[in-house]
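# Tertiary structure, described
Here is what each chain is made of, one letter per residue.
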Amino acid sequence: MLNCVPDDDEVAVVDLDDMDECLHKDANVADILTAEAPQSVGDIATPALSTGALAIGQNSRRRPSLTTFQLQRPSFPRTFICSVVGFLYIFLGLLVLGLGSRLQHNVGSFCSRLLAWALLFQYPFYFASGSNVRNFIMYGMQPEGLGETFVYGTWTYQRFFELTKSSVKAYQLLFFKLLTFLVSSALHCIYLGEKYQFPGYVLIYPAVLISHMALTSTVVSNLFQPIDAEFARKAGPPSMGVAMVGFFVLTAGFGLAKRHLGLWAGAILPLVLSAYENIGCRIAGQFFLKQFVEKGLHKKFGMTLEILPSLTITYLHCMSQGARLCILVARAAWDPDDHWWMFTLGFGLVFNVSSRTLWICRCTQLLCGVYWRMDNFQRLLAQAKFQGGYPPFVALFGVGAVRAALGHPWVPNSTVAIVIVGLVVVTILEDILVLALGYFNALPVFRMDEPDAEALRATAPAKFGADWDQVVPEHSIAARLSETMDLQFLAWDLQHNLRVDFPELPLWAHVPAVMFSQFNTVMCLIIFGGGINFVLGFCSEPGYGGVGRGILWWPPMEEVRPCGGEDF
């Protein structure tokens, strides 16, 4: 008879073909997955890695510990702090841009645009938050203190000297950062003729991103020497690229949909935003599982990097809310007499509350027999929705503050003001309703009947069997699994162990999720809200379509007719 759990002093080799016999027992998976998370891990906790690890049985002699991954959620205080810092960068950048736009001298106008670009994008994101994410992906390096978090990031000589132990290599890395900044500055200097003058931010922004990715992909393996070059090259698109590209595709596509669908576009918007979040969440989660967890890269890094998918999921919802705000505000600015936004807000409130409380999933299960299986990535997305809905409003407040500082009204028209107030009220009301339904136990019971439990079993690696309790760390039988099965178990545990709670995401990881979404919201308003001159209040009438809008091109403004010297 097979001895599945040998004595402490017994050295037993368990054939993997017989593992199912040891592990497969009837188990109530529904009760296990809906049970409360343990308050502590007690005797099985061991600080093996920097983010924590769990031992697989104190009596195990085969493998002393098995790392556990734990996603991390955003917090209100840290989200608020990052939103305020993002507001300051946006306010200063747009203020410099607005003051410089009235300068007729080309040198003064150019310097103001360059300084404004540095304040809006280059400095806060490229030197600070963006570099922190890149260095975390390459080396597992995390910022220390507020200076590295908000101001200069981890791209410092001291940091790289500690990393490379070479002053020459450290200076080379710093020169690479300077080179990319010079490339960005050079794009502002390209003369496009008398009519168009110079490129606008909407041309410079993608050019900077593309050039940065090209330089990074060619230099990263040689000069940077990351811990894992393949992971460093592949991590960018699923972590930040999908969310950003999807953001602009979504906002541009909705403008076309509004022309053809009219009022019905308001009903489609919440559905499209939900699909955008869930697709991006799945891409980020699967990439991390396949490219990091299942490849065992935590052993090379000496730490787990679950901050990366946690940051991405938070960023996705911030971007989603920024897209909704941009679409509604830009449309209200262009056509104040179109009141379709009221239907959009009402339908969006009902849909979002139903989705976040899982009533839509329950109705789908009852009506169509289709069961929607929640995993930890979607759980994190649901929790991030309480914090990620508000940073775009802080960015919009920064735009209004700049308009007021330049002597213009806070908003272009009364409809924009009503839309903004309506969005704030609906966002707050949505959170209150979700919390209230949970408080009064008005949520559908998130349990699985036996067919659904069978479906969940099919998602777990086959060698783990059906009984969760037979593979949790306190059983020494789990230590006999091969290394490949260990990594598959880690991936399955990270995605499907719904008993765990999420700790708070560190402050530095809030910065790119919050501030980058704020910047993209402002860029979206410039593109679809009538151009920089209309957004800042220099153009008083909507609908102007000339080159003087300041979107793709940057001709100097005239004092009398600031919109490029052309009549409306």
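Above this text you will find the structure in question.
Okay, so let's go over this structure. (Residues numbered from 1 in each chain as written. Predicted model: local features only at pLDDT ≥ 70, side-chain atom pairs only at ≥ 80, totals over all residues. Heavy atoms only, no water.)

## Details of the overall build of the chain
- A count of helices and strands for the chain gives 22 helices and three strands.
- Within the chain, the proportion of its 568 residues that are buried is 54%.
- Within the chain, counting contacts between residues at least 6 apart in sequence, those at least 24 apart form 77% of the total.
- Within the structure as shown, the chain displays about 24,800 Å² of accessible surface, and the carbon and sulfur contribution to it stands at 63%. (Helix = DSSP H or I, 4+ residues; strand = E, 2+ residues; numbered from the N terminus. Buried < 20%, exposed > 50% of the residue type's maximum accessible area, 1.4 Å probe, protein only. Contact = heavy atoms within 4.5 Å. Areas by Shrake-Rupley, 256 points an atom, 1.4 Å probe, with all protein chains shown as cover.)

## Brief notes about the packing of aromatic side chains
- Under the criterion given, the structure shown has 27 aromatic pairs.
- Geometrically, the ring pair formed by W117 and Y201 is tilted, given 5.0 Å between the ring centres and 50° between the ring planes. Pair noted here: W117 is in helix α4 (residues 106–139) and Y201 is in helix α8 (residues 201–224), with a separation of 84 residues, a long-range link.
- In this structure Y201 comes out as buried when scored by relative accessible area, which is 3%.
- A centroid spacing of 6.2 Å and a plane angle of 80° characterise the contact between F231 and F301, whose relative ring orientation is edge-to-face. Taken as a pair, F231 in helix α9 (residues 229–234) and F301 in helix α12 (residues 297–301) lie far apart in primary sequence, 70 residues in all. One exposure class covers both F231 and F301, and it is buried.
- In this structure an aromatic cluster arises from ring pairing among W117, F121, Y201, Y205, F247, F248, Y315, F516 and F519.
- Over the face of the ring belonging to F386 we find R356, whose NZ or CZ atom lies 4.5 Å from the ring centre. (Phe/Tyr/Trp six-rings, centres within 6.5 Å; stacked < 30°, edge-to-face > 60°. Lys NZ or Arg CZ within 6 Å of the ring centre and 35° of its normal.)

## A word on the pattern of salt bridges
- Summed over all chains, the structure comprises 10 salt bridges.
- Here E230 makes a salt bridge to K295, at a shortest N to O gap of 3.5 Å. Placement of E230 in helix α9 and of K295 in the loop between α11 (264–293) and α12 is noted, with a sequence separation of 65 residues between them.
- The salt bridge partner of D338 is R331, with a shortest N-O separation of 3.8 Å.
- Given a relative accessible area of 18%, D338 falls into the buried group. (Salt bridge = Lys/Arg side-chain N within 4 Å of Asp/Glu carboxyl O.)

## Quick look at the side chain of Q291
- Its location among the elements puts Q291 in helix α11.
- In this structure Q291 comes out as buried when scored by relative accessible area, which is 18%.

## Concerning the state of the cysteines
- All told, the structure shown has one disulfide when counted by the stated rule.
- One disulfide bridge connects C326 with C524, the sulfur atoms lying 2.2 Å from each other. Note on the C326 and C524 pair: the S-S dihedral is about -90°, so by sign convention the disulfide is left-handed. One end of the pair, C326, is in helix α13 (residues 307–334); the other, C524, is in helix α21 (residues 507–528), and 198 residues separate them in sequence.
- The closest cysteine sulfur to the non-disulfide-bonded C82 is located on C318, 9.7 Å from its own sulfur.
- Overall, C82 belongs to the buried group, its relative accessible area being 0%. (Disulfide = S-S within 2.5 Å.)

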